[in-house]
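# Summary of structural features
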Amino acid sequence: MSPAAGAATLAARRSSRFVAWVRAWRAGLVPFDEVADEIAGDEEHLVADAPGTWTDVSLREALPTLSKLRPDEIRLVLPAPGDPRGLPGPGPFAGAALVAGEAVVAADLGLIPEVRSHTSGSGVTFETVLWRVYPLPAPAPGASGGEPGTAEAEADLSAALAEATARLTRLDVAQWRPELAGALAALRRPDAGVDLPPGFDPRARRLFARASVLDRVLALAEHAAPGGAVNGYEAQERDAALRPLTTACRRALVAACNAPLAP
C-alpha cells in the first residue's frame, strides 16, 4: 500500500463522525438504531459521566441524552493552541478539548473522546474509546458565530492547499519526504472512502471527503523525516508551509459537519 493510500485508511476524527450522525438522527434523517454503530464502526465506544448514569455506559445507552436537541445545537469543534474557536470559554471542557484537539458541543453538554489501550491476558493489544461528558455553561447569544460556511471553507482549503504544495515543491519535499508529497498529490483526486449521512448537500460531502483525507495526511507531517534527511531549517520551513493548511483543514471539517441539513 502506498503512503498516500495508507493515510487514507487511517481513522477519521471520531468527533466528526459523532456530530454528523447524531445531527442526521436529530433531523429525522437516519434511525436511532443505526447511529451508535455508524459512530463506533468496529471499535467499542463507552460514555462516562452522562447525565443520569453512575458508571460508564455504552454509546447506545447514552445517546438518548441528546434526544431532545435540535441538529443545530450539536456542533463539531476542532480547537488548537492559539485557536480556541468554537469552545464555550475557559474551564475543564475547554482545557481537555485543546489537549484532544477535537470535541463535540451539544447544547449544555460537551463530549470528548479518549482512546484507551488495553492488553488482554493473551498479550493482544486493543483500544476502546471513552466519551467523557462535561457540563457546559449556557451558550452566549451568537456563541456559534464566526464559523465559515462550506463555500468559504472550500475556497480557503483549496487556496491553502495550492500554496502549501507550491512551498513544499520549492523545498523539494518530494526528495526528503516523498510520502508527504505523494499524499498531497493524491488529494487532487476524489475520495470515496469517507462520507456523511443523509441530509448533507453535495458541497458539504465533497468538502468533508477532501478535508478528512487531508487531516490524516497532515498527521504524517508531524513525524520527523526518516534518517535525518531534513535539517532544522528545512523542518521549520516545512512546518511553516503546512501551518495555514492545517488551520484551513480544521475549519473545513467543522464547516462540513456543522452545515445545514436538508430533508
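Okay, so let's go over this structure.

For the chain, the count of helices and strands is ten helices and six strands. Taking contacts inside the chain between residues at least 6 apart in sequence as the whole, the part at least 24 apart equals 68%. Taken as a whole, the chain presents about 12900 Å² of accessible surface, with 55% of it coming from carbon and sulfur.

Sheet topology note: the strand 1 (residues 44-48)/strand 6 (residues 125-135) ladder contains five bridges and is parallel. Paired with Glu44 across the bridge in strand 6 is Thr128.

Position of Ser16 relative to the elements: it lies in helix 2 (residues 14-26). Here the side chain of Ser16 touches Arg13 through a polar contact of 2.7 Å, landing on its backbone oxygen. Contact partners of Ser16, with chain neighbours within four places excluded, come to Leu76, Phe208 and Cys257.

What follows deals with the packing of aromatic side chains. Taken as a whole and assessed by the stated rule, the structure comprises three aromatic pairs. With 4.7 Å between their ring centres and 45° between their planes, Phe18 and Trp131 make a pair best called tilted. Of this pair, Phe18 sits in helix 2 while Trp131 sits in strand 6, placing them 113 residues apart in sequence. Note on Trp131: relative accessible area 0%, which makes it buried.

With respect to the element layout, Thr150 can be found in helix 6 (residues 150-170). On the basis of relative accessible area, Thr150 is assigned to the buried category, the value being 16%. Setting aside chain neighbours within four positions, we find Thr150 in contact with Arg203, Ala204, Leu207, Ala255, Ala256 and Ala259.

The next thing to look at is the nonpolar core. One finds Phe18, Val22, Leu63, Leu66, Trp131, Leu157 and Leu245 to be the most contacted residues of the largest nonpolar core, which totals 57 residues. It is helix 10 (residues 232-257) that provides the largest number of residues to this core, a total of eleven residues. In contact with Leu157, not counting residues within four places along its chain, are Leu207, Arg210, Ala211, Leu214, Leu245, Ala248, Cys249 and Ala252. One finds Val77, Ala97, Val105 and Ile112 within the second-largest nonpolar core, a separate group that totals eleven residues.

This paragraph deals with helix 6. Relative to the 30 Å expected for 21 residues at 1.5 Å per residue, helix 6 spans 30 Å between its end C-alpha atoms, a close match to the ideal helical length. Those residues of helix 6 that sit buried are Thr150, Ala153, Glu154, Leu157, Ala160, Leu161, Ala164 and Leu168. End-on, the buried residues of helix 6 take up no more than an arc of 135°, which puts them together on one face. Across helix 6 from its buried face, at more than 90 degrees, point the exposed residues Thr169 and Arg170.

Glancing now at unusual backbone geometry. Phi at Asp49 takes a positive value of approximately 65°, unusual for a residue other than glycine. Within the secondary structure, Asp49 sits in the loop between strand 1 and strand 2 (57-58). By relative accessible area, Asp49 is classed as partly exposed at 48%. In this structure, Ala107 takes a positive phi of about 55° despite not being glycine. Of note, Ala107 is situated in the loop between strand 4 (103-106) and strand 5 (109-119).

By the definition in use, this model includes 16 salt bridges. Measuring nitrogen to oxygen at the nearest pair gives 3.1 Å for the salt bridge that ties Asp49 to Arg132. With Asp49 in the loop between strand 1 and strand 2 and Arg132 in strand 6, the pair connects residues that are 83 residues apart, well separated along the chain. Note that Asp156 and Arg251 form a salt bridge whose closest N and O atoms lie 3.7 Å from each other. Highlighted residues: Asp156 in helix 6 and Arg251 in helix 10, separated in sequence by 95 residues. The class for Arg251 is partly exposed, based on a relative accessible area of 22%. Residues joined in a network through salt bridges with shared partners are Asp49, Glu114, Arg116 and Arg132.

By the burial criterion, the buried members of helix 5 (residues 92-100) are Phe93, Ala94, Ala96 and Ala97. Along helix 5, the residues classed as buried sweep out an arc of 165° about the axis, all on the same side. Turned more than 90 degrees away from the buried face of helix 5 sit Pro92 and Val99, all of them exposed. Contacts made by the buried residues of helix 5 are with strand 4, strand 5 and strand 6.

Rules used in this analysis
- Residues numbered from 1 in each chain as written.
- Predicted model: local features only at pLDDT ≥ 70, side-chain atom pairs only at ≥ 80, totals over all residues.
- Heavy atoms only, no water.
- Helix = DSSP H or I, 4+ residues; strand = E, 2+ residues; numbered from the N terminus.
- Contact = heavy atoms within 4.5 Å.
- Areas by Shrake-Rupley, 256 points an atom, 1.4 Å probe, with all protein chains shown as cover.
- Pairing = 2+ DSSP bridges.
- Polar contact = N/O pair within 3.5 Å; in protein donor to acceptor, adjacent residues only side chain to side chain.
- Phe/Tyr/Trp six-rings, centres within 6.5 Å; stacked < 30°, edge-to-face > 60°.
- Buried < 20%, exposed > 50% of the residue type's maximum accessible area, 1.4 Å probe, protein only.
- Core = buried A, V, L, I, M, F, W, Y, C linked by side-chain atoms within 4.5 Å.
- Expected span 1.5 Å × (residues − 1).
- Arc of directions from axis to C-beta.
- Salt bridge = Lys/Arg side-chain N within 4 Å of Asp/Glu carboxyl O.

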